[in-house]
Amino acid sequence: MSLVTPKEKAQQYTRALEFDYITWTLDATGIKAGLTGISPGHRLTPAQQHQVVIRYFELVSQLEYVKYSVQLVYANPGVQNPEVEAREELAKQEELQIAVQRLDPIVEDILQRQVANTLDKMGIIRLGEAIPPVLYHTSATPKSLITSPRDRIEQDVNLSLMAELTLEQTSKLEEQIEQSTGESALVVGTGGIGVYPTMIMRTSDLKWVINTIAHEWTHNYLTLRLLGLNYDTSPELRTMNETAASIAGNEIGEEVIKTYYPELASTGDNPLKLAAPSEEDGFNFQAEMHETRVTVDKLLALGEVSEAESYMEERRQVFVAHGYLIRKLNQAYFAFYGAYADSPVGAAGEDSVGSAVRTLRANSDSLAVFLRTIGKMNSYEDLQLAALNLN
């Protein structure tokens, strides 16, 4: 039997490397079920909950630093016995890992409750109960293999791979997939996955974690509605899902921070507006990536594939020179990141779908109304019709 689709061709090389969602979900569900009725963070006062969460993320930050220190030792060709050289760092790493893992279930319980309370406060849930309940589990998250045709930007393949893949394995796999399919391929990291319980990677960035908990819960929410059920039906519906989840994650996360961690609250900038450059040299990543995507789309529309690919490599080097360590910048990169179109500028370029979703949110009375409205949609035409009715 001949292999006819890019996915079938890609799976010749990925089957042994694909992430085992069944085992992960069973394990995570078992852990959560074991805590049912215990609620490890519930008996703490609000002040104690705040203290535990802040302490947890301080420990994760220390763990990240120690891991980096260990990596430097092992990467140093002048060190003949890295295990001996790094013995103090390795001991500290183990100590921190134990401390963090002990706090994992407590912090998960606290943040789940805080996000759920915020959903209630914002009117997104009714009768005081989130459906589905907010549940997440801290875990190493899978990588994703993405492919796109070379003559246009469109996601053909998205396969979840084991989190432990090395850079060498990743590069070899991308090369094999590109030779087999004739498409652009890229393996990307993920920070959260909308399975249930949702999967969130461990990081020291509290604001990012809260935003991602809310983002992935929004996917769970939409999965019970037409929009989420039709996630893979078309590229437009994928962008509608991801953009809606990104908008919701940012707004819910900002409210959680304001309520429970006011010392970390932002200046309140509207995420739908163009952000000013944050770098001292005036280099704005989002704006520069937007310009890159627009130019690539124009070149591909003219059939100038080689020129577009040369241009992307030139631009990648510019990003690297400004501290953004992008390993590969190709059609697959934009096919993946371009679906997250919650900002007017970025990898989505001049994509009209993301713009329409942002317009719908801007013209909705609240985030709750926006989610209920877009959740009922099962086509891009539904979104366009809603936009017309709003004008």
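(A) Representation of the overall build of the protein chain within the structure. Each helix and strand in the protein chain was counted, giving 15 helices and six strands. Expected size for 391 residues packed as a compact globule is a radius of gyration near 21 Å; at 22 Å, the protein chain falls within 12% of this value. With the C-alpha coordinates of the protein chain rotated into their principal frame, the extents come out at 65 × 60 × 55 Å. Taken across its 391 residues, the protein chain has 46% of its residues classed as buried. By sequence separation, contacts in the protein chain at least 24 residues apart represent 73% of the contacts at least 6 residues apart. Carbon and sulfur atoms make up 52% of the accessible area of the protein chain, which amounts to about 19,900 Å² in all. Of the charged side chains in the protein chain, 33 are positive and 53 negative, and the gap between their average positions amounts to 5 Å.

(B) Spatial organisation of unusual backbone geometry. A cis geometry characterises the amide bond from Ile 131 onward to Pro 132, with omega recorded as 0°. Counting through the fold element by element, Pro 132 comes out in the loop between helix H5 (87-121) and strand E1 (136-138). Pro 197 follows Tyr 196 through a cis peptide bond whose omega is 0°. Tracing the backbone through its elements, the reader meets Pro 197 in the loop between strand E5 (192-193) and strand E6 (198-200).

(C) Structural context of the sheet that holds E5. On the basis of which strands lie adjacent, the open sheet formed by three strands has the order E1-E6-E5 and mixed pairing. Sheet topology places E1 and E5 at the edges, where each strand pairs with a single neighbour. This element, helix H2 (residues 21-34), spans E1, E5 and E6 of the sheet and lies at about 105° to E1.

(D) Inspection of empty space enclosed by the protein at higher detail. In the structure shown here, the tally under the stated rule is one cavity of 30 Å³ or more. Empty space within the largest cavity amounts to approximately 70 Å³. Lining the largest cavity, in full, are Tyr 56, Phe 57, Val 107, Tyr 136, Thr 138, Ile 200, Met 201, Arg 202, Thr 203 and Val 209. Within the residue set of the lining of the largest cavity, elements represented by two or more residues are helix H3 (46-75) and E1. Its residues assigned to classes, the lining of the largest cavity comprises seven nonpolar, two polar and one charged.

(E) Region of the structure containing the pairing of strand E2 (residues 143-148). In terms of burial, E2 is largely enclosed, as five of its six residues are buried. Direction of pairing for E2 relative to strand E3 (residues 157-161): antiparallel, over a ladder of five bridges. Bridging from a neighbouring strand, Thr 147 pairs with Val 157 of E3. Note that E2 and strand E4 (residues 184-188) share five bridges and pair antiparallel. Opposite Thr 147, over in E4, you have Ala 185 as the bridge partner.

Rules and cut-offs
- Residues numbered from 1 in each chain as written.
- Predicted model: local features only at pLDDT ≥ 70, side-chain atom pairs only at ≥ 80, totals over all residues.
- Heavy atoms only, no water.
- Helix = DSSP H or I, 4+ residues; strand = E, 2+ residues; numbered from the N terminus.
- Rg over C-alpha atoms; globule rule 2.2 N^0.38 Å.
- Buried < 20%, exposed > 50% of the residue type's maximum accessible area, 1.4 Å probe, protein only.
- Contact = heavy atoms within 4.5 Å.
- Areas by Shrake-Rupley, 256 points an atom, 1.4 Å probe, with all protein chains shown as cover.
- Lys, Arg positive; Asp, Glu negative; His and termini not counted.
- Charge placed at Lys NZ, Arg CZ, Asp CG, Glu CD.
- Pairing = 2+ DSSP bridges.
- Axes fitted to C-alpha atoms, helices over the stretch in contact; angles between N-to-C directions.
- 1 Å grid on protein atoms, 1.4 Å probe; cavity = no way out; pocket = protein on both sides within 12 Å on 5 of 7 lines; lining within 4 Å.
- Points joined across faces, edges and corners; volume = space filled by probe spheres on them.
- Nonpolar A, V, L, I, M, F, W, Y, C, P; charged D, E, K, R; others polar.

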